[in-house]
Amino acid sequence: MRLEAVSKSYSHRGRMVAALDDASLEITPGDFVAVVGPSGSGKSTLLLVLGGMLSPSAGQVFLNGRSLYDLSPNARADMRRKKIGFVFQTFNLVPYLTALENVQIPLFLAGLDEATQKQRATALLERVGLGDRLDHKPPELSIGEQQRVALARVLANDPEIILADEPTGNLDPETGQQILDLLAEMNREGRTVVMVTHDPRAAARAKRTLRLQAGRIMPTTN
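Residues numbered from 1 in each chain as written. Predicted model: local features only at pLDDT ≥ 70, side-chain atom pairs only at ≥ 80, totals over all residues. Heavy atoms only, no water.

### Section: the overall build of the chain
Along its length, the chain carries 7 helices and 10 strands. Taken over the C-alpha trace, the chain has a radius of gyration of 18 Å; the compact-globule value for 222 residues is 17 Å, and the two agree within 12%. Overall, the C-alpha framework of the chain stretches about 50 × 40 × 35 Å when taken along its three principal axes. Counting the 222 residues in the chain, one finds 50% classified as buried. (Helix = DSSP H or I, 4+ residues; strand = E, 2+ residues; numbered from the N terminus. Rg over C-alpha atoms; globule rule 2.2 N^0.38 Å. Buried < 20%, exposed > 50% of the residue type's maximum accessible area, 1.4 Å probe, protein only.)

### Remarks on the nonpolar core
The biggest cluster of nonpolar side chains holds 37 residues, and the ones touching the most others in it are Leu 125, Val 149, Ile 162, Leu 183 and Met 195. When residues of this core are traced back to their parent elements, those giving at least two are β3 (32-36), α3 (99-109), α4 (114-127), α5 (143-155), β7 (161-165), α6 (173-188), β8 (192-196) and α7 (200-203). When residues of this core are assigned to their parent elements, the largest contribution, 6 residues, is made by α5. Not counting chain neighbours up to four residues away, the residues in contact with Leu 125 comprise Ala 99, Leu 100, Val 103, Leu 130, Gly 131, Leu 134, Val 149 and Ala 152. (Core = buried A, V, L, I, M, F, W, Y, C linked by side-chain atoms within 4.5 Å. Contact = heavy atoms within 4.5 Å.)

### Focus on the sheet that holds strand β9 (residues 208-213)
Taken together, 6 strands build an open sheet; the order of strands is β6-β7-β8-β3-β9-β10 and the sheet is mixed. One side of each edge strand has no neighbouring strand; the edge strands of this open sheet are β6 (84-88) and β10 (216-217). In the sheet, β3 pairs with β9 via 4 bridges, with the strands oriented parallel. The partner of Val 33 across the bridge, within β9, is Arg 208. Strands β3, β6, β7, β8 and β9 of the sheet are contacted by helix α1 (residues 43-50), whose axis makes an angle of about 155 degrees with β7. Contacts from α5 reach β6 and β7, with the element oriented near 170 degrees to β6. (Pairing = 2+ DSSP bridges. Axes fitted to C-alpha atoms, helices over the stretch in contact; angles between N-to-C directions.)

### Here's the deal with the pairing of β3
Across the 5 residues of β3, 5 count as buried, placing the element largely inside the fold. Taking every second residue as pointing to the same face, both faces of β3 are buried, with Phe 32, Ala 34 and Val 36 on one and Val 33 and Val 35 on the other. Where β3 lies against β8, 4 bridges are found, and the strand directions are parallel. Paired with Val 35 across the bridge in β8 is Val 196.

### A short note on the sheet that holds strand β2 (residues 15-26)
Strand pairing in a sheet is mediated by backbone hydrogen bonds. Such pairs are either parallel or antiparallel. What the 4 strands build is an open sheet, ordered β2-β1-β4-β5; its pairing is antiparallel. Each of the sheet's edge strands pairs with one partner strand only, and the pair in question is β2 and β5 (66-67). As paired strands, strand β1 (residues 2-12) and strand β4 (residues 58-63) are joined by 4 bridges and run antiparallel to one another. Along β4, the bridge assignment pairs Ser 7 with Ala 58. On top of the sheet, α1 reaches β1, β2 and β4; it is set at about 125 degrees to β1, its chief contact.

### Details of the environment of Glu 145
Along the chain, Glu 145 falls in helix α5. Ignoring sequence-local partners within four residues, the contact set of Glu 145 consists of Leu 130 and Arg 133.

### Some words on the packing of aromatic side chains
Applying the stated criterion across every chain, the model contains 1 aromatic pair. Consider the rings of Phe 86 and Phe 88, whose centres lie 5.8 Å apart with planes at 5 degrees: the pair is stacked. Taking the relative accessible area as the measure of exposure, Phe 88 reaches 26% and is therefore partly exposed. The ring of Phe 62 is capped by Arg 2, whose NZ or CZ atom sits 4.3 Å from the centre of that ring. Sitting over the face of the ring of Tyr 10, Lys 8 holds its NZ or CZ atom 5.8 Å from the ring centroid. (Phe/Tyr/Trp six-rings, centres within 6.5 Å; stacked < 30°, edge-to-face > 60°. Lys NZ or Arg CZ within 6 Å of the ring centre and 35° of its normal.)

### A few points about the pairing of β1
Here 8 bridges tie β1 to β2, and the two strands are oriented antiparallel to one another. Paired with Leu 3 across the two strands is Leu 25, which belongs to β2. What sits between the antiparallel neighbours β1 and β2 is a turn of 2 residues, in which Arg 13 has the positive phi angle 55 degrees.

### Observations concerning the environment of Leu 112
You can see Leu 112 is positioned in the loop between α3 and α4. It is 28 Å that separates the C-alpha atoms of Leu 112 and Val 194, two residues lying 82 residues apart in sequence. Filtering out sequence-adjacent residues up to four positions away, Leu 112 remains in contact with Leu 107 and Gln 117.

Below is the structure:
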């Protein structure tokens, strides 16, 4: 995964604001990168651009050697579905579906039969410690349990890359550590993890830290 001279600008109250400013970056397979920086520095914009969700104003994004934003919208969506998993601070679970049904969603979209969907979704929920919560809907789960359902759903299509935007932001410290443990485990299995965080303890779990300042990528540290 590589960014080459990527900029992204927005119009805000009649003036242009650079969320990303000539950002270049290479993330090797199996890396675990924490992205830190003050509010408004471009962290979430960087994650969305990396994930094929937000077209840059200039520059190119490469995934597996292909220029992501030169693909058609359908081809880009297909690559995103097969290669990338997103973890959000707000979980984005469907409130009227059970934990099992929420995890089945990407498996259904991938065209798997219902029996296979249920089998794989059950195994993933058991992996994140929710084997006894299959039939519970999000409002019946704790905040930490909801985030674990979201992580199980991310794993459904076995993505190569996990992009996490403040995955521990709504969690108490103990539950946050459990989520970080799961992300570290996914990384040890060979997945690339890019995590936006404001929490120094979370950033310390990564292999390296990347700092954004006013849309610019500052020198990285290990």
